[in-house]
Amino acid sequence: MSSSAVPRRRPVPVSVRRVLLSVLGFQLLLALALTLVDSYRRRGKRPKPFPVIQPRPVAIGDGQVTTYTFGKDLYDDMLAAIATAQKRILFETYIWKGDEVGQRFKDALQEAAGRGVEVYAIYDSFANAVVSPRFKRFGPRMQVLAYPVYSAGWRFFDLRRYGRDHRKIMVVDDEVGFVGGYNIGTAYATEWRDTHVRVTGPGVWDLGRAFADFWNLHRRPQHGTRPLLLEATPDWEPRIRVHRNVPRLWMFPIRGMYLEAINRASTRIWMTHAYFIPDDDFVDELTAAARRGVDVRVLVPRTSNHVVADWLSRGFYGELLAAGVRIFRFEGAMVHAKTATVDGRWSTVGTANIDRLSLTGNYEINIEVIDPDLAEEMERIFHCDLSNATELTPEEWSSRGLHKRFTELVLRPFRPLL
């Protein structure tokens, strides 16, 4: 045999393969068991009331930004905007429940279409798989795009085609826009603590453009969905920026927006997130900020609606607490907001969580506002939320039981998947 021949690779021993498969199987079974136990514990339990801030508009240039922390207030204003629409409504949501609130929105949009308003609607089919097919039947005058469960087609190897449409946008007559974390459903109206904003002025155009770009990228002409063309506007509001992740184009600016703001922070970083599973760069930036004296606070739900995400999030607590990051846990109800404010000047509200799916996977949209008045309002909301939260101390964390440490360790390999 020639000395230059390449030696054959030895196959992985059967015993090693069995061990690896056993470990993976145990991890999956543990995740499933946690989910089932959590579901059982929640049966019949109702979320507790929580403090909220009344909507208050903040003037920014020629427009306003109004924050919402209670679903009913938001839905009332969204439905009022639909009722007064004259030209066009752009409506996009991740979850659209077929319940009382979901029906109110469907009826309002169909009524607007009936009186001659152009109505375009988008929802994610995977997120609404359990919604009745009857609810998903719309009148012929509405243009509806159901973002498919599987959109890769024969390009199953193309990772750019697997992102979900996690955005929540509504734009009416190019004059008022809504964006934030609220989905559409009865439970969200009173039982979940979330954050949304209403925008007027030049910033609305960017929200409309974000909707139109998604529509035109994914519309299906064979199903009769026509292109959506918006007129350009010369107006510009430099204090308001709209950032959108577009997996199909491999564009993920929201992550960069966050990292830049954290890197520039000099006094305080206050963040609220439903699912907090940061990557290494995020952890490094937050811990570095805390070590240089920045007041870093992270508010998360004590128990979210995704128990595995909770356990993955807890795996970061030790490192963050050791660096001086303060962690608060919202009590009695689900906090679903995706917000942050930095140094009393910079704020963001949107749909992106701090996890891999949101920052490098899904279609997401966040509004970034550089304005001290809005930052003051966001800090007021944060203080209100802290009145319903408890701080996790380093001593409490270090005294947690061995079974919790074991669960965090076993589930750690799932971090890149969520």
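Conventions we followed
- Residues numbered from 1 in each chain as written.
- Predicted model: local features only at pLDDT ≥ 70, side-chain atom pairs only at ≥ 80, totals over all residues.
- Heavy atoms only, no water.
- Core = buried A, V, L, I, M, F, W, Y, C linked by side-chain atoms within 4.5 Å.
- Buried < 20%, exposed > 50% of the residue type's maximum accessible area, 1.4 Å probe, protein only.
- Domains from an automatic or database assignment.
- Contact = heavy atoms within 4.5 Å.
- Pairing = 2+ DSSP bridges.
- Helix = DSSP H or I, 4+ residues; strand = E, 2+ residues; numbered from the N terminus.
- Axes fitted to C-alpha atoms, helices over the stretch in contact; angles between N-to-C directions.
- UniProt positions renumbered as here; feature names shortened; annotations may be inferred.
- Salt bridge = Lys/Arg side-chain N within 4 Å of Asp/Glu carboxyl O.
- Parallel < 35°, antiparallel > 145°, perpendicular 65-115°, else oblique.
- Left-handed = near helix turned anticlockwise from the far one by under 90°.
- Nonpolar A, V, L, I, M, F, W, Y, C, P; charged D, E, K, R; others polar.
- Phe/Tyr/Trp six-rings, centres within 6.5 Å; stacked < 30°, edge-to-face > 60°.
- Lys NZ or Arg CZ within 6 Å of the ring centre and 35° of its normal.

Asks: Would you mind going over the nonpolar core with me for this structure?
Replies: The tendency in soluble globular proteins is for nonpolar side chains to be buried as a group. Formed by 80 residues in total, the largest nonpolar core has its most connected members in Tyr-75, Ile-89, Phe-91, Trp-96 and Phe-105. Looking at which domains feed residues into this core, each of domain 1 (56-238) and domain 2 (248-417) supplies at least three. Apart from residues no more than four positions distant in its own chain, Ile-89 is found in contact with Ile-82, Leu-109, Ala-112, Val-117, Glu-118, Val-119, Tyr-120, Met-170, Val-171 and Val-172. With 34 residues, the next largest nonpolar core counts Ile-60, Ile-169, Val-179 and Met-378 among its residues.

Asks: So what exactly am I meant to see when it comes to the sheet that holds strand β6 (residues 169-172) here?
Replies: Note: strands within a sheet are paired through backbone hydrogen bonds, in either parallel or antiparallel orientation. Taken together, the eight strands give an open sheet; going across it, the order is β1-β2-β9-β7-β6-β3-β4-β5, and neighbouring strands pair in mixed fashion. Since the sheet does not close on itself, it has two edges, and those belong to β1 (56-60) and β5 (142-147), each with one partner. The mean inter-strand angle of the sheet, taken between neighbouring strand axes irrespective of direction, is 15 degrees. Where strand β7 (residues 176-180) and strand β9 (residues 196-200) come together, five bridges link them in antiparallel fashion. The residue bridging Gly-180 from the neighbouring strand is His-196, located in β9. Strands in contact with helix α2 (residues 71-83) are β2 (63-68), β3 (88-93), β6, β7 and β9; relative to β7, the strand with the most contacts, it is inclined by about 150 degrees.

Asks: Sorry if this is basic, but what is going on with the UniProt feature "domain: PLD phosphodiesterase" (unreviewed entry) in the protein here?
Replies: Taken from the UniProt record, the annotation "domain: PLD phosphodiesterase" (unreviewed entry) applies to residues 161-188 and 331-358. With 11% helix and 32% strand, residues 161-188 has end C-alpha atoms that lie 29 Å from one another. The straight-line gap between the two end C-alpha atoms of residues 331-358 is 24 Å; of that span, 11% is helix and 43% is strand.

Asks: When you look at unusual backbone geometry in this model, what are you seeing that I'm missing?
Replies: Outside of glycine, negative phi angles account for most residues, and trans bonds account for most peptide bonds. One non-glycine residue, Asp-173, adopts positive backbone phi at about 55 degrees. As for its position among the elements, Asp-173 is in the loop between β6 and β7. Residues other than glycine seldom take positive phi values, yet Asp-343 does so here, at roughly 60 degrees. Note on placement: Asp-343 falls in the loop between β15 (338-342) and β16 (346-350).

Asks: Please explain the pattern of salt bridges as it appears in this structure.
Replies: Side chains carrying opposite charge are able to pair once their charged atoms draw close together. Here the structure, examined in full by the defined rule, presents 21 salt bridges. With a shortest N-O distance of 2.9 Å, Glu-237 and Arg-239 are connected by a salt bridge. Among the residues examined, Arg-239 registers a relative accessible area of 34% and is labelled partly exposed. Two residues, Asp-281 and Arg-255, come together in a salt bridge whose shortest N-O distance is 2.8 Å. With a gap of 26 residues between them, Asp-281 in helix α7 (residues 280-291) and Arg-255 in helix α6 (residues 253-264) connect regions that are remote in the sequence. Given a relative accessible area of 41%, Asp-281 falls into the partly exposed group.

Asks: Can you walk me through the packing of α2 against helix α3 (residues 100-114) in this structure?
Replies: Each pair of packed helices can be described by the angle between their axes along with the distance between the axes. Orientation of α2 relative to α3, taken along the N-to-C sense of each, is 15 degrees, at an axis distance of 9 Å. Classed by the angle they form, the pair α2 and α3 counts as roughly parallel. Between α2 and α3 lies a crossing whose hand is left-handed. Together, Tyr-75, Asp-76, Met-78, Leu-79 and Ile-82 of α2 and Val-101, Arg-104, Phe-105, Ala-108, Leu-109 and Ala-112 of α3 make up the contact between the two elements. By residue class, the composition of the contact of α2 with α3 is nine nonpolar, no polar and two charged.

Asks: I keep staring at the packing of aromatic side chains and nothing clicks. Help me out?
Replies: Aromatic ring pairs are described here by two measures, namely the spacing of the ring centres and the angle between the planes. One pass over the structure, following the stated rule, counts 23 aromatic pairs. Measuring from ring centre to ring centre gives 6.4 Å for Trp-96 and Tyr-123, while their planes differ by 80 degrees; the resulting arrangement is edge-to-face. With Trp-96 in the loop between β3 and α3 and Tyr-123 in strand β4 (residues 118-124), this pair connects stretches of sequence that are 27 residues apart. Each member of the pair, Trp-96 as well as Tyr-123, carries the same accessibility label: buried. Ring centres 5.3 Å apart and planes at 20 degrees place the aromatic pair Trp-270 and Phe-382 in the stacked group. In this pair, Trp-270 is assigned in strand β11 (residues 268-273) and Phe-382 in helix α11 (residues 372-386), connecting sequence segments 112 residues apart. Judged on exposure class, the residue Trp-270 and its partner Phe-382 are both buried. Across the ring face of Phe-135, the terminal group of Lys-106 is positioned such that the distance to the ring centre comes to 4.9 Å. Taking NZ or CZ as reference, Arg-400 lies 3.9 Å from the ring centre of Trp-397, over its face.

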